[in-house]
Amino acid sequence: MLEIISRVLGPVSTNCYLIADPDSGEAAVIDPAWDGQIILAEAQKRGWKIGQLWYTHAHFDHFGGAAEIAKAPNPLPMVALHPLDHDLWQLKGGAPLFGMHIDPGPEPTVELAHGQILRLGNIEFEVLHTPGHTPGHVVYYCPKETVLFSGDLIFQGGVGRTDLPGGDWEALVESIRKLVYTLPEDTRILSGHGEETTVGEEKCNNPFVRA
Ligand SMILES: [Zn+2]
Ligand SMILES: [Zn+2]
């Protein structure tokens, strides 16, 4: 059974998810938003080892804590990002645009592709490429646990902004309709900002993208 610890971190209140297979102690961080120490402490407290950092996309508020995690006496975690967001990663996720300074941490080593399977112990996650908020945005879907980590694609009652460089409204709408609204309605959505929701709730109530 997947364990999920969530923390709201950083200057724009980003949700960071520390997830683990408690049987093996293998852990991953989906969007190590900020304050790597806090994330590390949560893992250490439980005896988990953070072996993987999975980015939904390369905005600075989703990986600003990566450098601190990578400096810890862990093996260097593998860093997974879709290649279409690599340019944005090299620009430090747009941090200078917002007057922020970040240490981007280790270079991404795993080039994500649509349909790729990632493993945490015995638990499998499917990578879905969902462009719109950024060109290389992905979401992580775990069918066994009926949970979707949706990054800045969709929020409770909202969607990711498309006015930043690389944003594309049409693509965002298509990503949500084709890849989120087709999942089982009871799928939990854990997004990059704000409260938890479900696929069914958003299909009924999301004012931006109708089912
Ligand atoms: Zn973003
Ligand atoms: Zn964000």
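Residues numbered from 1 in each chain as written. Chains lettered and ligands numbered in written order. Predicted model: local features only at pLDDT ≥ 70, side-chain atom pairs only at ≥ 80, totals over all residues. Heavy atoms only, no water.

To continue, consider the nonpolar core. Counting residues in hydrophobic clusters, the biggest one holds 28 residues, and the most contacted among them are Leu18, Val29, Ile50, Leu53 and Tyr55. Sorting the residues of this core by element identifies β1 (3-9), β2 (14-21), β3 (26-30), α1 (36-45), β4 (49-54), α2 (66-71), β5 (78-81) and α3 (86-90) as the ones contributing at least two each. With residues up to four places along the chain from it excluded, the contact list for valine 29 reads Cys16, Tyr17, Leu18, Ile39, Ile50, Gln52, Leu53, Trp54 and Ile69. With 19 residues, the next largest nonpolar core counts Ala28, Trp54, Ala80 and Leu120 among its residues. (Core = buried A, V, L, I, M, F, W, Y, C linked by side-chain atoms within 4.5 Å. Buried < 20%, exposed > 50% of the residue type's maximum accessible area, 1.4 Å probe, protein only. Helix = DSSP H or I, 4+ residues; strand = E, 2+ residues; numbered from the N terminus. Contact = heavy atoms within 4.5 Å.)

On to empty space enclosed by the protein. Under the definition given, this model contains one cavity of 30 Å³ or more. By volume, the largest cavity amounts to about 40 Å³. Ile5, Ser6, Arg7, Cys16, Leu18, Ile39 and Glu42 are the residues that line the largest cavity. Of all the elements in the fold, those that place two or more residues in the lining of the largest cavity are β1, β2 and α1. Taken together, the residues of the lining of the largest cavity break down into four nonpolar, one polar and two charged. (1 Å grid on protein atoms, 1.4 Å probe; cavity = no way out; pocket = protein on both sides within 12 Å on 5 of 7 lines; lining within 4 Å. Points joined across faces, edges and corners; volume = space filled by probe spheres on them. Nonpolar A, V, L, I, M, F, W, Y, C, P; charged D, E, K, R; others polar.)

What follows covers the side chain of serine 150. You can see serine 150 is positioned in strand β10 (residues 147-151). Apart from the residues within four sequence positions on either side, serine 150 is in contact with His137, Val139, Ile189, Leu190 and Ser191.

This next bit is on the coordination of the zinc ion (ligand 1). Donor atoms from the polypeptide that bind the zinc ion (ligand 1) are His57 (NE2), His59 (ND1), His133 (NE2) and Asp152 (OD), placed at 2.1 to 2.4 Å. Because the angles between the four donor atoms bound to the zinc ion (ligand 1) fall within 89 to 173°, the donor set is best described as irregular. Expressed as a motif, the donor residue spacing for the zinc ion (ligand 1) is H-x1-H-x73-H-x18-D. (Donors = N, O, S within 2.8 Å, 3.2 Å for Na, K, Ca; no water. Tetrahedral: all angles 85-135°; square planar, octahedral: opposite > 155°, others 65-115°.)

Okay, the sheet that holds strand β9 (residues 138-142) next. Pairing is mixed across the open sheet formed by six strands, whose spatial order is β7-β8-β9-β10-β13-β14. The open sheet terminates on both sides in strands that have one partner only, identified here as β7 (117-120) and β14 (197-198). In the sheet, β7 pairs with strand β8 (residues 123-129) via four bridges, with the strands oriented antiparallel. Bridging across to β8, arginine 119 finds its partner in glutamate 124. (Pairing = 2+ DSSP bridges.)

Mapped onto the secondary structure, glycine 10 falls in the loop between β1 and β2. When the C-alpha atoms of glycine 10 and alanine 33 are compared, they prove to be 6.5 Å apart, with 23 residues separating the residues in sequence. Residue contacts for glycine 10: discarding those within four places in its chain leaves Trp34 and Asp35.

Turning our attention to the pairing of β5. Regular strands place side chains that alternate from one sheet face to the opposite one. One ladder, built from three bridges, connects β4 with β5; its direction is parallel. Bridge pairing links glutamine 52 to methionine 78 in β5.

The next thing to look at is the side chain of glutamate 202. Secondary-structure assignment places glutamate 202 in helix α5 (residues 199-205). Within the buried set, glutamate 202 has no salt-bridge partner at all; the shortest N-O distance to an opposite charge, 9.5 Å, is to arginine 210. Among the polar contacts listed, one links the side chain of glutamate 202 to the backbone nitrogen of glycine 157, at a separation of 2.9 Å. For glutamate 202, the residues in contact, after removing those within four places along its chain, are Ile154, Phe155, Gln156, Gly157, Gly158, Tyr181, Ile189 and Thr197. (Lys, Arg positive; Asp, Glu negative; His and termini not counted. Salt bridge = Lys/Arg side-chain N within 4 Å of Asp/Glu carboxyl O. Polar contact = N/O pair within 3.5 Å; in protein donor to acceptor, adjacent residues only side chain to side chain.)

In short, geometric facts, not functional conclusions.
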